[in-house]
Amino acid sequence: MIQTALTREQVLALKPGNNLDLIVAIEVMGHEAGEFKDGWIKLGPKFEGCPKRYSSDMSAVWEVVNAMSKKKWNFVASTEGEDWEATFYWDANRTGFEANGIRAAEAICKAALLAVLDL
């Protein structure tokens, strides 16, 4: 099974891929971990599969942004050079949870995790 009691440092150290996607699917998107195969999520009463590629697919990561928006989180992303920065915040001062990544999807996933886990 997957470990979801993570520290801030562990979240920021996660690399894009199935492990980050799985944690986002469970912690941010609200899926349950699968029972039949490690790394899968429940997609229905009798169906399991791989989580979407949130950390590498921009169309999938926008689902994360939308889910966070429904939870009343504000969102901003920016890039300078090759690095992306994503922030989820509550207040007008934009103080919140920020993460960086080589790709926007990675930064968004990490920032969302930091926010929902209050790290």
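The shown structure was predicted, so the numbers you read here are calculated from the model rather than taken from an experiment.

**Student:** Let's hear about the packing of aromatic side chains: which residues, and what values?
**Tutor:** Summed over all chains, the structure comprises four aromatic pairs. Taking the centre distance of 5.9 Å and the plane angle of 90° together, the rings of W62 and F75 count as edge-to-face. Residue W62 is located in helix α3 (residues 58–70), and its partner F75 is located in strand β3 (residues 74–80); the two are separated by 13 residues in the primary sequence. Relative to W90, the ring of W73 has its centre 4.5 Å away and its plane inclined at 45°; by these criteria the two rings are tilted. Taken as a pair, W73 in the loop between α3 and β3 and W90 in the loop between β4 (83–89) and β5 (96–101) lie far apart in primary sequence, 17 residues in all.

**Student:** Account for the environment of V64, with residues named and values stated.
**Tutor:** Here V64 is to be found in helix α3. Here the alpha-carbon distance between V64 and P45, two residues 19 residues apart in the chain, equals 23 Å. Among all residues touching V64, those that are not within four sequence positions of it are V24, V28, M29, Y54, I108 and A112.

**Student:** I'd like a description of the pairing of β5, backed by residues and values.
**Tutor:** Remember that side chains alternate between the two faces of the sheet whenever the strand is regular. Examined bridge by bridge, β4 and β5 share six bridges and lie antiparallel to one another. When the bridges of β5 are listed, Y89 appears paired with G96. What sits between the antiparallel neighbours β4 and β5 is a turn of six residues, in which R94 has the positive phi angle 60°.

The rules we used
Residues numbered from 1 in each chain as written. Predicted model: local features only at pLDDT ≥ 70, side-chain atom pairs only at ≥ 80, totals over all residues. Heavy atoms only, no water. Phe/Tyr/Trp six-rings, centres within 6.5 Å; stacked < 30°, edge-to-face > 60°. Helix = DSSP H or I, 4+ residues; strand = E, 2+ residues; numbered from the N terminus. Contact = heavy atoms within 4.5 Å. Pairing = 2+ DSSP bridges.

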